[in-house]
Amino acid sequence: MQQDEEFGDFKKALTSPVCPYCTAAISTHQLLQPGHCGAEPCFLAHISRGVQAQKDQREQDYIERQNSAKEGKASAIATAAFHLNCDTDDLLIAVVPFQNNPVEPLPPAHREAFRQHLEKIVEEAFALGSSALENAEISPNSSAEHSIIDAACSTCQGFCCARGGGENHAFLTVKTILGYLSQNQELLQEDVIAHYTDALPQASVRAACVFQSDQGCTLERTSRAPLCNTFYCHDLHAMHDLTQGRSDVRMAIIGVQDDTPAKVSAFSEIAGQICIDST
């Protein structure tokens, strides 16, 4: 009976279609594509509905990953609570992506390509002169918020860093160099080049950023591209929402790869990050 009613509603919608936002009569073709009458307010409402639907789906996916991680790493979560001196029920649970690509010697071709890119942008930055430093982008330094972000990214092991590329450029631009120079105006061109090349690790994550080592980013935060310090994936936004307004954050951060929980870290502002389980 319910299926008959639903079919009747569908048939009525096709035979007498109206815009779902302003109820103006529209053609069957408009009903199917784009799904509204085409007026600007309805177009914007349609876009807004789509954005909200995507947001709702991401939030639902996050909850499902949380629940799966809680079940798969129950023992490690209990260990995290023990280390943080709290009950398991009082422990916040955050999930993040996880990558475990092999770490191997940095290929000479990548090292040389990065150096060529670096020399080019450093030369361009110095050519602009000291006046360009006044409006330079400065990468943020460490903060309390960065501590928990660093713990999350360490648990994740740089999924975004690996996916984003950076094999030959590390997302560094002329603006990045100007920002670094604005805080280190006494440096010469060769000093800046040495600063960045000296930070290159002997071994890095395969097909990832040249600075991505098995210990995380080898480039100090103030020398990184602003993108590296300000980009939040959806999971970091979700974690931020979990901790917002809390003064004593105690959390288990779980790295999930292909729907399988793979790594667990405990975190509190007092204890910092503690690796619990990396199996």
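Rules and cut-offs
Residues numbered from 1 in each chain as written. Predicted model: local features only at pLDDT ≥ 70, side-chain atom pairs only at ≥ 80, totals over all residues. Heavy atoms only, no water. Helix = DSSP H or I, 4+ residues; strand = E, 2+ residues; numbered from the N terminus. Rg over C-alpha atoms; globule rule 2.2 N^0.38 Å. Buried < 20%, exposed > 50% of the residue type's maximum accessible area, 1.4 Å probe, protein only. Contact = heavy atoms within 4.5 Å. Arc of directions from axis to C-beta. Core = buried A, V, L, I, M, F, W, Y, C linked by side-chain atoms within 4.5 Å. Phe/Tyr/Trp six-rings, centres within 6.5 Å; stacked < 30°, edge-to-face > 60°. Salt bridge = Lys/Arg side-chain N within 4 Å of Asp/Glu carboxyl O. Disulfide = S-S within 2.5 Å. Pairing = 2+ DSSP bridges.

Caption draft 1: Just the overall build of the protein chain, in detail. What the protein chain contains, in helices and strands, is 11 helices and 8 strands. Taken over C-alpha atoms, the radius of gyration comes to 25 Å for the protein chain, far larger than the 19 Å a tight globule of 279 residues would show. Burial statistics for the protein chain: of 279 residues in total, 37% are counted as buried. A fraction of 69% describes how many contacts in the protein chain between residues 6 or more apart in sequence connect residues 24 or more apart.

Caption draft 2: Quick look at helix α11 (residues 234-243). Among the residues of α11, Asp235, Leu236, Ala238, Met239 and Thr243 are the ones counted as buried. End-on, the buried residues of α11 take up no more than an arc of 160 degrees, which puts them together on one face.

Caption draft 3: Representation of the nonpolar core in the model. In this structure, Leu91, Ile148, Leu236, Met239, Met251, Ile253 and Ile254 are the most contacted members of the largest nonpolar core, which totals 33 residues. Residue assignment for this core shows that the elements contributing at least two residues are α3 (40-72), α4 (74-83), β1 (92-97), α6 (144-156), α11, β6 (250-257) and β7 (260-268). If we skip the residues at most four places from it in the chain, isoleucine 148 touches Met239, Thr243, Val249, Met251 and Phe267. Core analysis: the next-biggest nonpolar cluster, separate from the first, contains 26 residues, Leu106, Phe114, Ile177 and Val210 among them.

Caption draft 4: The arrangement of the packing of aromatic side chains in detail. For the structure shown, the criterion picks out 2 aromatic pairs. Taking the centre distance of 5.3 Å and the plane angle of 90 degrees together, the rings of phenylalanine 114 and phenylalanine 211 count as edge-to-face. Highlighted residues: phenylalanine 114 in helix α5 (residues 108-127) and phenylalanine 211 in the loop between β3 (203-205) and β4 (212-213), separated in sequence by 97 residues. Here the two residues phenylalanine 114 and phenylalanine 211 agree in accessibility, since each one is buried.

Caption draft 5: Layout of the pattern of salt bridges. This model, assessed by the stated rule, comprises 6 salt bridges. For arginine 115, the salt bridge is made with glutamate 119, and the minimal N-O distance between the two is 3.0 Å. Of the two residues, arginine 115 and glutamate 119 both sit in helix α5, 4 residues apart, roughly one turn of that helix.

Caption draft 6: Structural context of the state of the cysteines. Tallying each qualifying case throughout the model produces 0 disulfides. Left without a disulfide partner, cysteine 275 is nearest to the cysteine sulfur of cysteine 156, which lies 14 Å away. Its relative accessible area of 48% is what places cysteine 275 among the partly exposed residues.

Caption draft 7: Quick peek at the pairing of β7. Most of β7 sits inside the fold, with 8 of its 9 residues counted as buried. Judged from the 8 bridges that link them, β6 and β7 form a sheet pairing that is antiparallel. Across the sheet, alanine 252 pairs through a bridge with alanine 266, a residue of β7. Hairpin connection, β6 to β7: the antiparallel pair is bridged by 2 residues, and aspartate 258 has positive phi, about 50 degrees. Bridging between β7 and strand β8 (residues 272-277) involves 5 bridges; their strand directions are antiparallel. Among the inter-strand pairings, serine 268 is bridged to a residue of β8, identified as glycine 272. Counting the residues in the hairpin turn of β7 and β8 gives 3 residues.

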